[in-house]
Amino acid sequence: MLSRSVNNEYLCILLVSCALLQCVVAETPGCTLVNKDSKSEKALLDGLHDLKGEIFRAEDKVDGKLKNVYEIGVCTSVNKSAPLIGAVQHVIGDKANQTIVLGQLNATTLVGAPGWTLVTYRSGDKYNGSCENSSRQVQFVVLCNPDEHHGSLQIASGGRTGETSCSYIFVLSSSVVCSKEKHEQHHRGLSGGAVFCILFFTVAGSYLLLGFMYKRIVVGAKGLEQIPNYSFWRDCGHLQADGCNYICRCQCDSVD
């Protein structure tokens, strides 16, 4: 009887854990496209897979004083108690702070091309007395940067104090949106031709410098005699000149 009651307790704990896990999963939705049938937007959304779940912050300061703090989640909520909020603005006031919702995850649109993707969250809080009292929306463009996987969020437009804009635009650099060809070229290193040129000029420079120093300091040569193996290079030049003259003479004789 005791073992049966213990097993029942373990079973209850397991069921409760599974239920809680399902609740957590259900409360953390990702991006929901406005145009759910758009294959191009779905492809762009899949391209941001490595950034999903990340939350980026940007700060707006005036004369060193913090005025606004922006938080944008890549297909993840920035507010645990409100799972659909994709971006918020924290207005830092002298007496009290205010939080404004800039966009919702269930109103997402995407446009892009190789090297960049523009994500838009719509259905934010409505403006009060400006922008025709429309709903706020936030846009952040992910630009290709092979050197950064998780870059920093930068304010591009509409997010700075004193700006009058009906849209918030941010820029984020990441290697996630880089094409495979560009990413491979960046990490491929030097080509064979570049390595050959580096080795050739290194060897040639060392040959001339060391040979010049030897002929001048040890042998005591002056003028052109300081060139390493000067007689060889002089004869080589004469032979090349004779070859050119021979070819030109042969062409002249054949014409005559």
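The coordinates are above.
Conventions adopted
- Residues numbered from 1 in each chain as written.
- Predicted model: local features only at pLDDT ≥ 70, side-chain atom pairs only at ≥ 80, totals over all residues.
- Heavy atoms only, no water.
- Helix = DSSP H or I, 4+ residues; strand = E, 2+ residues; numbered from the N terminus.
- Expected span 1.5 Å × (residues − 1).
- Buried < 20%, exposed > 50% of the residue type's maximum accessible area, 1.4 Å probe, protein only.
- Arc of directions from axis to C-beta.
- Contact = heavy atoms within 4.5 Å.
- Disulfide = S-S within 2.5 Å.
- Salt bridge = Lys/Arg side-chain N within 4 Å of Asp/Glu carboxyl O.

**Q** It is not clear to me how helix 4 (residues 192-219) should be interpreted in this structure. Could you clarify?
**A** It helps to recall that an α-helix has 3.6 residues per turn; residues three or four apart then point in one direction. Spanning 28 residues, helix 4 covers 39 Å between terminal C-alpha atoms, matching the ideal 40 Å at 1.5 Å per step. Note on helix 4: the residue one or two positions beyond its end, glycine 220, has a positive phi of about 80°.

**Q** Would you mind going over helix 2 (residues 39-47) with me for this structure?
**A** Of all the residues in helix 2, the buried ones are Glu41, Leu44 and Leu45. Projected onto a plane normal to the axis of helix 2, the buried residues spread over an arc of 100° and lie on a single side. In helix 2, the exposed positions angled more than 90 degrees off the buried face are occupied by Lys39, Ser40 and Asp46. As for helix 2, its buried residues are in contact with strand 4 (98-113) and strand 5 (116-123).

**Q** What should I look at first to understand the state of the cysteines in this one?
**A** Working definition: the covalent bond between the sulfur atoms of two cysteines is a disulfide. For the structure shown, the criterion picks out two disulfides. Across a sulfur-sulfur distance of 2.1 Å, cysteine 31 and cysteine 75 are joined as a disulfide pair. With the S-S bond torsion at -110°, the cross-link from cysteine 31 to cysteine 75 turns out left-handed. Here cysteine 75 lies in the loop between strand 2 (65-73) and strand 3 (85-91) and cysteine 31 lies in the loop between helix 1 (2-26) and helix 2, a separation of 44 residues in the sequence. The pair cysteine 31 / cysteine 75 is uniform in exposure class, with both members buried. What pairs with cysteine 144 in a disulfide is cysteine 178, and their sulfur atoms sit 1.9 Å apart. The sign of the S-S torsion, about 105°, decides the handedness of the disulfide formed by cysteine 144 and cysteine 178: right-handed. Placement of the pair is cysteine 144 in strand 6 (residues 138-144) and cysteine 178 in the loop between strand 8 (168-174) and helix 3 (180-188), with a sequence separation of 34 residues. As far as burial versus exposure is concerned, cysteine 144 and cysteine 178 are alike and both buried.

**Q** What exactly am I supposed to notice about the pattern of salt bridges here?
**A** Where charged atoms of side chains with opposite charge meet at close range, the side chains can pair. According to the stated counting rule, one finds three salt bridges in the structure shown. As a salt-bridge pair, glutamate 59 and lysine 61 come within 3.9 Å of each other at their nearest N and O atoms. According to the relative accessible area criterion, lysine 61 is exposed, its value standing at 51%. For lysine 65, the salt bridge goes to aspartate 94, with nearest N and O atoms at 3.0 Å. Residue lysine 65 is located in strand 2, and its partner aspartate 94 is located in the loop between strand 3 and strand 4; the two are separated by 29 residues in the primary sequence. Residue lysine 65 is classed as partly exposed on the basis of its relative accessible area, which comes to 44%. On the accessibility criterion, aspartate 94 (67% relative accessible area) is exposed.

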